[in-house]
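Okay, here's what each chain looks like letter by letter:
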Amino acid sequence: MKRILTIQDISCLGKCSITVALPVLSAMGIETVILPTAVLSTHTMFQNFTVKDLTDQLRPITAHWKQEGITFDAIYTGYLGSAEEIEIAKEIFDGFRTPDTLVFVDPVMADNGKLYPAFDLEYAKLNASLCAQADIIVPNITEACFMTETEYRETYDRDYITGLLEKLSALGPRISLVTGVSLSEGKTGAMGYDRESGEYLIYQNDRVDAAYHGTGDLFSSACIGAVLRGRTLLDAVRIAADYTADTIRTTLENPKKPWYGVDFEATLPDLIDALEK
């Protein structure tokens, strides 16, 4: 069984970050070790949420793992709330990486042309330096623009995404994958570039006209899980994109109309079935 370390926050209620990564990766048959960067009562779309920062615990926890001889087949970072946590993530890469360890970075910091309120341009540069050390990175278009100092566009063509991918590749990752890419009406998905082979990949599925918190975490978790289960990157993107879209559709059909996250628990059997095909 493969073992993955995921480094991100815990929103106790909210279906995002570790509360998505842990169940999804575990259901995919991967031992999932968590390193929580903070504990939030809910995710940040709720009002008056509480936060307990855990930055001071990250080095002691990982030092203990080193003493115990713990190793990882992959390291997966999501939301990192501060510059110090980005630097610690780099230390963890250096301390636990072997030639066979896959480093997967989702540089969560922005969407819809804007940085999240807690972040600034300096933080974007730090995330770019983190991506430089990764094997696979999965920014959305906004995050890719901030990390490469590219003008964000609401409308774009394939050449624009290709240019973004080339700039991301110049940062250093082996594979750059931009998510939320729509190359034709009614479609969405991802486009990627493998710096070593020089090959591009594209996957598009039907756009679901809805937006929910945590779907990026769902995609990333399913994607790295499929890669660790031996799927090609294109196949992993297909599995993750279809699973995310199907989960959004299922959530829309829920008569209780959940608003703070998607009903991924209901669609986990479909994800497992997709891995067996």
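Provided above is the structure to which this section pertains.
Residues numbered from 1 in each chain as written. Predicted model: local features only at pLDDT ≥ 70, side-chain atom pairs only at ≥ 80, totals over all residues. Heavy atoms only, no water.

Peer 1: Describe in detail the nonpolar core, supporting the description with residues and values.
Peer 2: Counting residues in hydrophobic clusters, the biggest one holds 43 residues, and the most contacted among them are Val24 and Val237. Going through the elements one at a time, α1 (18-27), β4 (74-77), β5 (102-105), β9 (175-181), β11 (199-206), α7 (215-228), α8 (233-252) and α9 (264-276) are the ones with two or more residues in this core. It is α8 that contributes the most residues to this core, 9 residues altogether. With near-sequence residues (within four places) excluded, valine 24 lies in contact with Leu218, Ser221, Ala222, Tyr243, Phe264, Leu268 and Leu271. (Core = buried A, V, L, I, M, F, W, Y, C linked by side-chain atoms within 4.5 Å. Buried < 20%, exposed > 50% of the residue type's maximum accessible area, 1.4 Å probe, protein only. Helix = DSSP H or I, 4+ residues; strand = E, 2+ residues; numbered from the N terminus. Contact = heavy atoms within 4.5 Å.)

Peer 1: Break down the layout of surface pockets for me, citing the residues and quoting the values.
Peer 2: By volume, the second largest pocket is sized at about 160 Å³. At the level of secondary structure, the elements contributing two or more residues to the lining of the second largest pocket comprise α8 and α9. Per-element accounting of the lining of the second largest pocket gives the leading share, 5 residues, to α8. Of the residues assigned to the lining of the second largest pocket, the class counts are 4 nonpolar, no polar and 6 charged. (1 Å grid on protein atoms, 1.4 Å probe; cavity = no way out; pocket = protein on both sides within 12 Å on 5 of 7 lines; lining within 4 Å. Points joined across faces, edges and corners; volume = space filled by probe spheres on them. Nonpolar A, V, L, I, M, F, W, Y, C, P; charged D, E, K, R; others polar.)

Peer 1: Can you break down the pairing of β5 residue by residue, with the values?
Peer 2: Covered by surrounding structure in β5 are Leu102 and Phe104 together with Val103 and Val105, the residues of both alternating faces. In this fold, β4 hands off to helix α3 (residues 83-96), which returns the chain to β5; that crossover is right-handed. (Right-handed = clockwise from strand over helix to strand, strands pointing away.)

Peer 1: Describe α3, listing the residues and the values that go with them.
Peer 2: Helix length check: α3 (14 residues) gives 20 Å between terminal C-alpha atoms against 20 Å at 1.5 Å per residue, within 8%. Among all positions of α3, only Glu85, Ile86, Ile88, Ala89, Lys90, Ile92, Phe93 and Phe96 are buried. (Expected span 1.5 Å × (residues − 1).)

Peer 1: Can you break down the environment of isoleucine 18 residue by residue, with the values?
Peer 2: In this structure, isoleucine 18 sits in helix α1. Remark: the alpha-carbon pair of isoleucine 18 and threonine 6, spanning 12 residues in sequence, is separated by 7.6 Å. Not counting residues within four places of it along the chain, the set of residues in contact with isoleucine 18 comprises Thr6, Gln8, Asp9, Ile10, Pro23, Ile34, Leu35 and Pro36.

Peer 1: Pulling in residues and values, what's your account of the side chain of lysine 15?
Peer 2: Inspection of the secondary structure puts lysine 15 in the loop between β1 (3-13) and α1. Within the structure, lysine 15 has its side chain in polar contact with the backbone oxygen of valine 262 (distance 3.4 Å). There is a polar contact of 3.2 Å between the side chain of lysine 15 and the side chain of glutamate 265. (Polar contact = N/O pair within 3.5 Å; in protein donor to acceptor, adjacent residues only side chain to side chain.)

Peer 1: Tell me about the packing of aromatic side chains, and name the residues and values.
Peer 2: How two aromatic rings sit relative to each other is set out by the distance from centre to centre and by the angle between their planes. Evaluation of the coordinates by the stated rule reveals 10 aromatic pairs. Summarising the aromatic geometry, the rings of phenylalanine 46 and tyrosine 260 are spaced 5.6 Å apart at their centres and angled 50° between planes, so their arrangement reads as tilted. In this pair, phenylalanine 46 is assigned in the loop between β2 (31-42) and β3 (51-53) and tyrosine 260 in the loop between α8 and α9, connecting sequence segments 214 residues apart. Look at phenylalanine 46 and you get buried, because its relative accessible area is 18%. Ring geometry for tryptophan 65 and phenylalanine 72: centres 5.7 Å apart, planes at 70°, overall edge-to-face. A relative accessible area of 14% places tryptophan 65 in the buried class. Residue phenylalanine 72 is classed as buried on the basis of its relative accessible area, which comes to 4%. Ring-pair connections join several aromatic residues into one group, and the members of that group are Phe46, Trp259 and Tyr260. The ring of phenylalanine 96 has lysine 66 lying over it, and the distance from NZ or CZ to the ring centre is 4.8 Å. (Phe/Tyr/Trp six-rings, centres within 6.5 Å; stacked < 30°, edge-to-face > 60°. Lys NZ or Arg CZ within 6 Å of the ring centre and 35° of its normal.)

Peer 1: Please give an account of the packing of helix α5 (residues 141-148) against helix α6 (residues 158-171) that cites residues and values.
Peer 2: The geometry of α5 relative to α6 is characterised by a closest axis approach of 10 Å and an angle of 55° between their N-to-C directions. Considering the angle they form, α5 stands oblique to α6. At the point where α5 passes α6, the crossing takes the left-handed sense. Taken together, the residues of α6 that come into contact with α5 (itself represented by Ile141, Ala144, Cys145, Met147 and Thr148) are Tyr160, Ile161, Leu164, Lys167, Leu168 and Leu171. Partitioning the contact of α5 with α6 into residue classes produces 9 nonpolar, 1 polar and 1 charged. (Axes fitted to C-alpha atoms, helices over the stretch in contact; angles between N-to-C directions. Parallel < 35°, antiparallel > 145°, perpendicular 65-115°, else oblique. Left-handed = near helix turned anticlockwise from the far one by under 90°.)

Peer 1: Describe the state of the cysteines, naming the residues involved and giving the relevant values.
Peer 2: The final tally for this structure, using the stated rule, is 0 disulfides. The structure places no disulfide on cysteine 16, whose sulfur is separated from the nearest cysteine sulfur, that of cysteine 12, by 10 Å. We note that cysteine 223 lacks a disulfide partner, and the nearest cysteine sulfur, in cysteine 131, lies 14 Å from it. (Disulfide = S-S within 2.5 Å.)

Peer 1: Can you break down the sheet that holds β3 residue by residue, with the values?
Peer 2: Strands in a sheet are paired, the pairing made by backbone hydrogen bonds, and the direction either parallel or antiparallel. Here 9 strands make up an open sheet; going across it, the order is β3-β2-β1-β4-β5-β8-β9-β10-β11 and the pairing mixed. Each of the sheet's edge strands pairs with one partner strand only, and the pair in question is β3 and β11. Bridge analysis of β1 against β2 gives 9 bridges, and the strand direction is parallel. Along β2, the bridge assignment pairs isoleucine 10 with valine 39. (Pairing = 2+ DSSP bridges.)

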